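Working through the structure, step by step
If you want the building blocks of each chain, they are given just below.
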Amino acid sequence: MKLAPVRGKDSIHLGDSAASVSLHHDGSDALAEKTAKYTDRIGELQRVLYADGRFALLVVLQGRDASGKDGTVRKVFCAVNPQGCVVTSFKAPTELEKQHDFLWRVHVQVPPRGMIGVFNRSHYEDVLVPRVHKLIKKSDASARYAHINAFEEMLAANGVVILKFMLHVSRDEQKVRLQERLSDETKNWKFRADDLDDRKRWDAYTKAYRGVLEHTSTAHAPWYIVPADDKPTRDLLIARTIADAMEDMTLRYPPADPAVLALEIT
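Here we summarise the structure given alongside this text. (Residues numbered from 1 in each chain as written. Predicted model: local features only at pLDDT ≥ 70, side-chain atom pairs only at ≥ 80, totals over all residues. Heavy atoms only, no water.)

**Examining the packing of aromatic side chains**
Summed over all chains, the structure comprises 3 aromatic pairs. Ring centres 5.6 Å apart and planes at 25 degrees place the aromatic pair Phe165 and Tyr224 in the stacked group. Of this pair, Phe165 sits in strand S4 (residues 160-168) while Tyr224 sits in strand S5 (residues 223-227), and the two are 59 residues apart along the sequence. This pair shows no difference in class: Phe165 is buried, exactly as Tyr224 is. (Phe/Tyr/Trp six-rings, centres within 6.5 Å; stacked < 30°, edge-to-face > 60°. Helix = DSSP H or I, 4+ residues; strand = E, 2+ residues; numbered from the N terminus. Buried < 20%, exposed > 50% of the residue type's maximum accessible area, 1.4 Å probe, protein only.)

Have a look at this one:
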């Protein structure tokens with residue numbers, strides 16, 4: 001199974017059944033081996049990406065609370081050299097950030113050529129949250145879609161390869177994971193009271209995500225909906241998509257300077 005990019009309304013499936021897809025029919029060990037193959041390949045290609053210096057990779061992770069964004073970062077990028085990868089988590093805007101356009105704080109975090117950047121939540125929060133909480137109008141959301149598409153098109157034109165993953169978790173699975181955060185003392189720190197408020201707005205967030213997926217999945221910055229109830233399945237699908245995209249970059253080590261090769265070490 002491969003993830004397919006979102007292409008219009010008909011490819012957007014956000015029901016609970018779409019979140020519970022599992023690839024365990026081959027067995028847990030086989031699934032882990034396949035994932036390791038792709039994560040190792042990402043690690044290998046990241047070294048070439050760094051040396052090549054022509055491209056950057058931006059991976060955007062979006063999803064409801066407890067959908068597994070942190071776990072995805074930990075599992076999928078486990079073989080990457082930390083010096084070549086930067087993870088940015090976008091929280092609620094600061095007072096200074098509110099004084100600027102909503103993309104101001106994002107642009108500075110875009111990875112430079114040679115680097116992998118991971119957005120754990122992203123500029124899409126500035127459409128989703130205000131829309132659900134009725135802080136902006138539908139017309140404002142449409143304008144932000146247009147700004148985002150133009151922003152991402154500009155990045156792509158400058159060598160940034162963009163992959164966007166919506167981690168789709170079911171309502172029942174989210175309940176299980178939120179309960180774990182309350183009952184497991186090692187996970188208490190993850191729980192926020194706001195998580196329960198957002199859970200009450202489940203349908204509103206579903207509608208908001210549909211809008212984002214429909215209007216901002218483009219050829220240069222595609223969205224992928226990831227079934228995220230089963231964590232190993234989630235990790236395999238994302239790792240494979242990233243590894244395939246990096247293969248398509250035709251990365252190469254730069255040729256050595258002949259003058260350097262002629263030097264002798266004494």
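There is more to say after this.
**Some words on the sheet that holds strand S3 (residues 116-120)**
Pairing between sheet strands relies on hydrogen bonds along the backbone, with the strands arranged either parallel or antiparallel. Spatially, S2-S3-S1-S4-S5 is the arrangement adopted by the 5 strands of the open sheet, whose pairing is parallel. Since the sheet does not close on itself, it has two edges, and those belong to strand S2 (85-89) and S5, each with one partner. Averaged over neighbouring strand pairs, the angle between their axes works out to 20 degrees when direction is ignored. Across 5 bridges, S2 lies against S3 in parallel orientation. Bridging from a neighbouring strand, Val86 pairs with Gly117 of S3. (Pairing = 2+ DSSP bridges. Axes fitted to C-alpha atoms, helices over the stretch in contact; angles between N-to-C directions.)

**So, the pairing of S4**
One face of the sheet, then the other: side chains in a regular strand alternate in exactly this way. Across the 9 residues of S4, 8 count as buried, placing the element largely inside the fold. Both strand S1 (residues 56-63) and S4 contribute to a ladder of 8 bridges, which runs parallel. Paired with Leu57 across the two strands is Val161, which belongs to S4. Two elements, S4 and S5, share 5 bridges in a ladder whose sense is parallel. Across the sheet, the residue bridging to Lys164 is Trp223, located in S5.

**Focus on the environment of Ala66**
The residue Ala66 is located in the loop between S1 and helix H3 (69-76) in this model. With 49 residues separating them along the chain, Ala66 and Met115 place their C-alpha atoms 27 Å apart.

**Some thoughts on the side chain of Ser67**
One can find Ser67 in the loop between S1 and H3. Given the relative accessible area of 0%, Ser67 is considered buried. One polar contact links the side chain of Ser67 to the main-chain carbonyl oxygen of Arg64, over a distance of 2.8 Å. Polar side-chain contacts of Ser67 include one of 3.4 Å to the side chain of Lys69. (Polar contact = N/O pair within 3.5 Å; in protein donor to acceptor, adjacent residues only side chain to side chain.)

**Looking at the nonpolar core**
Grouped together as the largest cluster of nonpolar side chains are 34 residues, with contacts concentrated most on Ile116, Phe165, Ile242 and Met246. Those elements that provide at least two residues to this core are helix H2 (28-52), S1, H3, S3, S4, S5 and helix H11 (231-248). Of the residues forming this core, the biggest block, 8 residues, is contributed by H11. Apart from the residues within four sequence positions on either side, Met246 is in contact with Ile42, Leu45, Gln46, Leu49, Leu57, Ile116 and Leu251. Ala141, Leu155, Val212 and Ala221 belong to the second-largest nonpolar core, a separate cluster that totals 33 residues. (Core = buried A, V, L, I, M, F, W, Y, C linked by side-chain atoms within 4.5 Å. Contact = heavy atoms within 4.5 Å.)

**Comments concerning helix H6 (residues 125-132)**
A turn of α-helix holds 3.6 residues, and therefore any two residues three or four places apart point the same way. Burial analysis of H6 places 6 of its 8 residues in the buried class, the great majority of the element. Looking at the buried side of H6, the elements it contacts are S1, helix H5 (104-107), helix H7 (138-157) and helix H10 (202-216). Lys134 sits one or two positions beyond H6 and adopts a positive phi of about 60 degrees.

**A closer look at unusual backbone geometry**
In this model, Arg121 sits at a positive phi of 70 degrees, which is unusual for a non-glycine residue. Position of Arg121 among the secondary structure elements: in the loop between S3 and H6. Of note in this structure, Lys134 is not a glycine but carries a positive phi near 60 degrees. Topologically, Lys134 is positioned in the loop between H6 and H7. Under the relative-accessibility criterion, Lys134 is labelled exposed at 72%.

**Overview of the layout of surface pockets**
In this structure, the second largest pocket encloses a volume near 350 Å³. What lines the second largest pocket is a set of 14 residues, and nearest its centre among them are Arg131, Lys138, Tyr145, Lys207 and Ala208. Those elements that place two or more of their residues in the lining of the second largest pocket are H6, H7 and H10. With 7 residues, the top contributor of residues to the lining of the second largest pocket is H10. Residues that form the lining of the second largest pocket fall into these classes: 5 nonpolar, 3 polar and 6 charged. (1 Å grid on protein atoms, 1.4 Å probe; cavity = no way out; pocket = protein on both sides within 12 Å on 5 of 7 lines; lining within 4 Å. Points joined across faces, edges and corners; volume = space filled by probe spheres on them. Nonpolar A, V, L, I, M, F, W, Y, C, P; charged D, E, K, R; others polar.)

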